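Notes for the structure review
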Amino acid sequence: MSALKDKLKADLTASMKSRDEVRTRTIRMALAAVNVEEVSGKAARELSDEEIVKVLTKEAKKRREAAEAFSGAGRTEQAQAEVDEQAVLEEYLPAQLSDEELAALVEEAVTESGASGPQAMGQVMKVLTPKVAGRAEGGRVAQAVRSRLAR
């Protein structure tokens, strides 16, 4: 079993003992999402830590989008619940890149791929995506690349 999944299970037990409702609910949901991913496809398999991080990133994004939708509809209580769940999930994700770090990686990828002009965005993204995997949201990365290639 992967180290991250072990940590999630241990933290679930600890949160249940301390009666932390939000943490317990969130970790259960995360483990359920991991289990669904493990049994999807032709054959059941164990997920690696990187694959689990992808699942948790997807779940955190769902929470962020739901919180925005709830706050836009004036449902602050539900929005706060989603934000709380997102905070728990982010404890298991790698630290997000700052704007400066992302800009430096974009610059490096542009140089490495020899790209120039907006039509070369695919080449840059191909080089950059593995370097930022899990540490920056795709839309944010694409925006940084787009603005760099527009110069």
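Structure: see above.
Report follows, based on the coordinates. Positions within a chain are numbered from 1, following the residues in the order the chain's sequence is written. Note on the predicted model: pLDDT of at least 70 is required for a residue's local features to be given, and 80 or more for side-chain atom pairs to be given and counted; whole-chain, interface and lining totals, by contrast, use all residues. To get the side-chain values, all heavy atoms of the structure are used, and hydrogens and water are removed first.

1. Section: the overall build of the protein chain
For the purposes of this entry, the term helix denotes a DSSP run of H or I that reaches at least four residues, the term strand denotes a run of E that reaches at least two, and both are numbered from the N terminus. Across its full length, the protein chain holds 7 helices and 0 strands. Listed N to C, the secondary structure of the protein chain is α-α-α-α-α-α-α in terms of helices and strands. With the C-alpha coordinates aligned to their principal axes, the bounding extent of the protein chain is approximately 55 × 45 × 30 Å. Split into buried and exposed, the 151 residues of the protein chain put 36% on the buried side. We call two residues in contact whenever any of their non-hydrogen atoms come within 4.5 Å of each other. Within the protein chain, counting contacts between residues at least 6 apart in sequence, those at least 24 apart form 59% of the total. Each charge class in the protein chain was averaged separately, 24 positive and 26 negative side chains, and the resulting centres sit 4 Å apart. Classification of residues uses two cut-offs on accessible area relative to the type maximum, computed with a 1.4 Å probe and protein chains only: under 20% is buried, over 50% is exposed, and between them is partly exposed. Here the positive residues are Lys and Arg and the negative ones are Asp and Glu; neither His nor the chain ends is included. For charged residues, the charge sits on one atom: NZ in Lys, CZ in Arg, CG in Asp, CD in Glu.

2. Some points on helix H7 (residues 138-149)
Multiplying 1.5 Å by the residue count of a helix minus one yields the expected span of that helix. An ideal rise of 1.5 Å per residue puts 16 Å on 12 residues; H7 measures up with 16 Å between its terminal C-alpha atoms. For H7, every residue scored as buried is listed here: Val141, Ala142, Val145, Arg148 and Leu149. Seen from one end, H7 has its buried residues packed into an arc of 130°, which puts them on one side. On its buried face, H7 sits against helix H5 (99-113) and helix H6 (121-132). To be clear, the arc concerns the directions from the helix axis to the C-beta atoms.

3. Concerning the nonpolar core
Residues Leu4, Leu8, Ile27, Ile52, Leu56, Leu89 and Tyr92 are the most contacted members of the largest nonpolar core, which totals 19 residues. For this core, the secondary structure elements donating two or more residues are helix H1 (3-17), helix H2 (21-39), helix H3 (49-72) and helix H4 (76-90). Residue contributions to this core peak at 6 residues, all from H2. Excluding its chain neighbours within four sequence positions, the residues that come into contact with leucine 89 are Thr26, Met29, Ala30, Leu56, Glu59, Ala60 and Arg63. Put simply, buried Ala, Val, Leu, Ile, Met, Phe, Trp, Tyr and Cys residues joined by side-chain atoms within 4.5 Å make one nonpolar core. Counting residues in hydrophobic clusters, the runner-up holds 18 residues, among them Val110, Met125, Val132 and Ala142.

4. Examining the environment of glycine 117
Here glycine 117 is to be found in the loop between H5 and H6. In this structure the C-alpha to C-alpha distance between glycine 117 and glycine 72, which are 45 residues apart in sequence, comes to 37 Å.

5. Examining the packing of H1 against H3
The geometry of H1 relative to H3 is characterised by a closest axis approach of 8 Å and an angle of 55° between their N-to-C directions. The angle between H1 and H3 falls in the class oblique. Together, Ala3, Leu4, Lys5 and Leu8 of H1 and Asp49, Ile52, Val53 and Leu56 of H3 make up the contact between the two elements. For the contact of H1 with H3, the class distribution of residues is 6 nonpolar, no polar and 2 charged. Here an angle of 0 to 180 degrees is reported between the N-to-C directions of two axes, which are lines fitted to C-alpha atoms, with helices fitted over the stretch in contact. Reported orientations rely on four angle classes, namely roughly parallel under 35 degrees, roughly antiparallel over 145, roughly perpendicular from 65 to 115, and oblique for the rest. Amino acids outside the nonpolar list (Ala, Val, Leu, Ile, Met, Phe, Trp, Tyr, Cys, Pro) and the charged list (Asp, Glu, Lys, Arg) are all regarded as polar, and Gly is one of them.

6. Looking at the environment of arginine 148
Inspection of the secondary structure puts arginine 148 in helix H7. Judged by relative accessible area, arginine 148 falls into the buried class, the value being 18%. Sequence spacing of arginine 148 and valine 106 is 42 residues, and the spatial spacing of their C-alpha atoms is 7.6 Å. Not counting chain neighbours up to four residues away, the residues in contact with arginine 148 comprise Val106, Glu107 and Val110.

7. Some details on the environment of leucine 149
Tracing the backbone shows leucine 149 in helix H7. Taking the C-alpha atoms as reference, leucine 149 lies 41 Å from lysine 42; in sequence the two are 107 residues apart. When residues no more than four places from it in sequence are discounted, the contact partners of leucine 149 are Val110, Ala115, Gly117, Pro118, Ala120, Met121 and Val124.

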